[in-house]
Each structure stands twice: as C-alpha cells, then as structure tokens.
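For reference, the chains in residue letters:
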Amino acid sequence: MRDGLLNLGSVTTIAEGDGFIFNSPVEFFQFHYGEPGDLEVVFSAALATDEAIAAFENGNKDLARQKWKSVDGDKLIHLWNLGITNSKLRGKKWADLEKSDFDGPIAKQVSESLAKKVYLRDDCICRYCDMPVFTRFKGSRIHQLIQAFPELTPGLRLVNGSLKGSGKNGAIKNVDYAKFLWSMAAPDHIVPRSHGGLTDMENLVTSCSGCNYSKGDLTLAQLGVQWPKPLL
Ligand SMILES: [Zn+2]
C-alpha cells in the first residue's frame, strides 16, 4: 500500500490561472460532477479490499472476511450509475472539451496480452491515483476472496482461474461486480486515441476503472491532471 492512497480521501486542488490541477481523473470528475463523499467511498473500498487480501494471505480469514464484507457494493454501484446517468456529466462543459481536431487513423484497441504487459509493468497500481487494481485474469489476487467467500459475491465465479459472472455466457451482473468495479484495472491511453494516441507500451498506463472512465476522451491537459505517476 502506498501512502498516496490514504491522502486521496479529500480533493486537493491548486488554482493555477483559470484552471485547477488534479491528482487524478477521478478527482477531476469528483470536482465537476461528484457528490460529497464520493471519493471517500471509492478509496475506502479500495483500501478495505487491499487489507482483506493482505489479511487472507497472512492466514487471518476472519479479518479478511470482515474487510471484504465491508466493501459496500451498493454504494459503489450507485456511484457508477450516477456517472452514467447524471445529465450534468454530458453537460456543455464536458461536451466542449471532448472535441478533438484529430482526423487521422484511430489506433487499434488494446489486446488482452498487451493489457497484461502494462499491468505487470505497473505492478497493478493505478498510475493516476495510486489505487491497487485487480484484473479478471488468472492469478489476480482478488480471486482468493471470491473463492474463499462466495456468499459475499454470489454473482461471480471462477472458471479455470478466470473471473466470470454467473449470468448467461458468463455475463457479470453489475450489482455483483460492484465490489471491485472501481478498482478493476483498465489500460488507459495517456494521449486518447481520438487525439492520435497510439496503442503501445509508451502511451498506455494501468488505471483504475474510475480514472479510466473519468478521463474519457479528454487529454490530461484538458483535465488539469499532470503526467501519470512515475514507475517505482
Ligand atoms: Zn485511479
């Protein structure tokens, strides 16, 4: 656990001219569209998940269960849905920012194998907000919790070591996914594809779903977010 995670419970902004500087895309989102306490919910969930995994790996299953149970899926899914349905999100300011002059070919999507390489290089830490992130891939540490306490995430199961939903064709129902929706790893294009960003190791960083979603098609300059955190 990096110290940075604990410092992100409150949004700190530094006025610079007309703009603001944010530590992460999630902070940008919170500042413009969030409700009080949103970030606290996200980061305390990530912290509790991380503590649950550590407790489990140390053999303290009671503590692991307690911590994992404390991750409030309902609150998290509320936040996610808030972001999607909140009309303010697609308000004028955001729409204005989203426009890109780039008209060249758009880089391809990130393949699963490239995403894995990026996560491995970044040690499964969000390069924007320092949150520990987890993957659906085989061997992800969060799988231990799904396996040990199936009653806490009844809509999830492991098939040959990979996370699947119990819905049709392995679909994962949002409400069951919410326990780690916000701390799920996503490969993020630093320069968005819509702005000519390439799909390569140099332009990709590990991000949590929250940062990835909050960033959208915006550039870091538009968001007022400085460069991703350097690798340790
Ligand atoms: Zn993040």
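Residues numbered from 1 in each chain as written. Predicted model: local features only at pLDDT ≥ 70, side-chain atom pairs only at ≥ 80, totals over all residues.

Some remarks on the nonpolar core
Burial of nonpolar side chains together is a common tendency in soluble globular proteins.
Working step 1: By size, the foremost hydrophobic cluster in this structure holds 44 residues, and its most contacted members are Val42, Cys126 and Val133.
Working step 2: Counting only elements with at least two residues in this core, the list comes to helix 2 (25–33), helix 3 (38–57), helix 4 (61–70), helix 5 (73–85), helix 7 (112–121), helix 9 (174–181), strand 5 (185–189) and strand 6 (204–208).
Working step 3: Top contributing element to this core by residue count: helix 3, with nine residues.
Working step 4: Apart from the residues lying within four places of it in its own chain, the contact partners of Val42 are Val26, Leu79, Trp182 and Gly210. (Core = buried A, V, L, I, M, F, W, Y, C linked by C-beta atoms within 7 Å. Buried ≥ 20, exposed ≤ 12 C-beta atoms within 10 Å, placed from the backbone. Helix = DSSP H or I, 4+ residues; strand = E, 2+ residues; numbered from the N terminus. Contact = placed C-beta atoms within 7 Å.)

As for the packing of helix 3 against helix 4
Working step 1: The geometry of helix 3 relative to helix 4 is characterised by a closest axis approach of 8 Å and an angle of 165° between their N-to-C directions. Looking at the two axes, helix 3 sits roughly antiparallel to helix 4. Helix 4 is crossed by helix 3, and the crossing has left-handed handedness. Two secondary-structure elements touch here, helix 3 through Ala48, Thr49, Glu51, Ala52, Ala55 and Phe56 and helix 4 through Lys61, Leu63, Ala64, Lys67, Trp68 and Ser70.
Working step 2: A breakdown of the residues in the contact of helix 3 with helix 4 according to their chemical character gives seven nonpolar, two polar and three charged. (Axes fitted to C-alpha atoms, helices over the stretch in contact; angles between N-to-C directions. Parallel < 35°, antiparallel > 145°, perpendicular 65-115°, else oblique. Left-handed = near helix turned anticlockwise from the far one by under 90°. Nonpolar A, V, L, I, M, F, W, Y, C, P; charged D, E, K, R; others polar.)

Description of helix 4
Working step 1: All buried positions along helix 4 are accounted for by Ala64, Lys67 and Trp68. Angular distribution of buried residues about the axis of helix 4 spans 95°; they occupy a single face of the element.
Working step 2: Looking at the buried residues of helix 4, the elements they touch are helix 3 and helix 8 (143–148). (Arc of directions from axis to C-beta.)

Some points on the pairing of strand 6
Look at any regular strand and the pattern is simple: side chains alternate between the two faces of the sheet.
Working step 1: Of all five residues in strand 6, five are buried, a share of seventy percent or more.
Working step 2: Residue alternation in strand 6 divides its side chains into two sets, Leu204, Thr206 and Cys208 and Val205 and Ser207, and both sets are buried.

Let's talk about the confidence of the model for the chain
Working step 1: Scored by pLDDT, the chain comes out at a mean of 79, with 81% of its residues at no less than 70.
Working step 2: At the level of individual helices and strands, the chain shows its lowest average pLDDT in helix 1 (residues 3–6), which scores 36, and its highest in helix 4, which scores 96.
Working step 3: Below a pLDDT of 50 lies the segment residues 1–18, which in the model reaches 28 contacts outside its immediate sequence neighbourhood of four places, other chains included. (pLDDT = per-residue confidence, 0-100.)

Looking at the environment of Ser24
Working step 1: Here Ser24 is to be found in the loop between strand 2 (19–21) and helix 2.
Working step 2: Under the C-beta neighbour-count criterion, Ser24 is labelled buried, with 29 such atoms within 10 Å.
Working step 3: Between the C-alpha atom of Ser24 and that of Trp227, which follows or precedes it by 203 residues, the distance is 9.3 Å.
Working step 4: Those residues within four positions of Ser24 in sequence are excluded, and the remaining contacts are Tyr128, Cys129, Cys211 and Val225.

Quick word on unusual backbone geometry
Working step 1: Phi is positive for Cys124, close to 55°, though the residue is something other than glycine.
Working step 2: Backbone geometry places Asn160, a non-glycine residue, at a positive phi of 50°.

Points about the pairing of strand 4 (residues 162–165)
Working step 1: In the sheet, strand 3 (residues 156–159) pairs with strand 4 via four bridges, with the strands oriented antiparallel. Bridged to Val159 within strand 4 is Ser162.
Working step 2: The turn linking strand 3 back onto strand 4 is made up of two residues, and Asn160 within it adopts a positive phi angle of 50°. (Pairing = 2+ DSSP bridges.)

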